[in-house]
Amino acid sequence: MVYYSSWDEFEKAASALFASAADRARYTIKYCNSDSQLVLKVTDDATSVQMRTQRLNDIKRIASLHRKICQTTSHRTETIKALAPRFPRSEKTEKVSKDANAAGKQPKKKSRGKKRH
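This one's a predicted model, so the numbers in the text were calculated from it and none came from an experiment.

Conventions we followed
Residues numbered from 1 in each chain as written. Predicted model: local features only at pLDDT ≥ 70, side-chain atom pairs only at ≥ 80, totals over all residues. Heavy atoms only, no water. Helix = DSSP H or I, 4+ residues; strand = E, 2+ residues; numbered from the N terminus. Contact = heavy atoms within 4.5 Å. Salt bridge = Lys/Arg side-chain N within 4 Å of Asp/Glu carboxyl O. Buried < 20%, exposed > 50% of the residue type's maximum accessible area, 1.4 Å probe, protein only. Core = buried A, V, L, I, M, F, W, Y, C linked by side-chain atoms within 4.5 Å.

(A) Region of the structure containing the side chain of E11. Here E11 shows up in helix 1 (residues 7-20). Dropping the residues within four chain positions of it, E11 is found in contact with S64, L65 and K68.

Take a look at the structure:
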């Protein structure tokens, strides 16, 4: 695991890694309070790209990289929706709620804990 010294090189490598394997790649941001360092890591289990920074102005760059990564991964939403199970609405729950409203009964509210006096 090699730490990049310049932001531009790190950003190019991280974007390329996410573009090549967006379904397996992930990134983490860790702050070390004792060293006052921010550590960014992008990995896909085969390759790892890391960057350490102590500069406050790098936060805007991190936000920009975060937007790029979110845009890259958001293109998979159709695939994720296709894999998600679909649960049809139960007819029983619809009938029960309609019957309760037709009879003028209010649905029973759940208590939020012990009542204090």
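(B) Structural view of the pattern of salt bridges. In total, this model carries 3 salt bridges according to the counting rule given. R26 is paired through a salt bridge with D45; the nearest N and O atoms lie 2.9 Å apart. With a gap of 19 residues between them, R26 in strand 2 (residues 26-32) and D45 in the loop between strand 3 (37-43) and strand 4 (48-53) connect regions that are remote in the sequence. By relative accessible area, R26 is classed as partly exposed at 40%. With a shortest N-O distance of 3.5 Å, R61 and D58 are connected by a salt bridge. Taken together, the residues span about one helical turn, with R61 and D58 both in helix 2 (residues 58-74) at a distance of 3 residues.

(C) Structural view of the nonpolar core. W7, F10, L40, V42, V49 and L65 are the most contacted members of the largest nonpolar core, which totals 15 residues. The set of elements that each furnish at least two residues to this core consists of helix 1, strand 3, strand 4 and helix 2. In contact with V42, not counting residues within four places along its chain, are F10, A14, L17, F18, R26, Y27, T47, S48 and V49.

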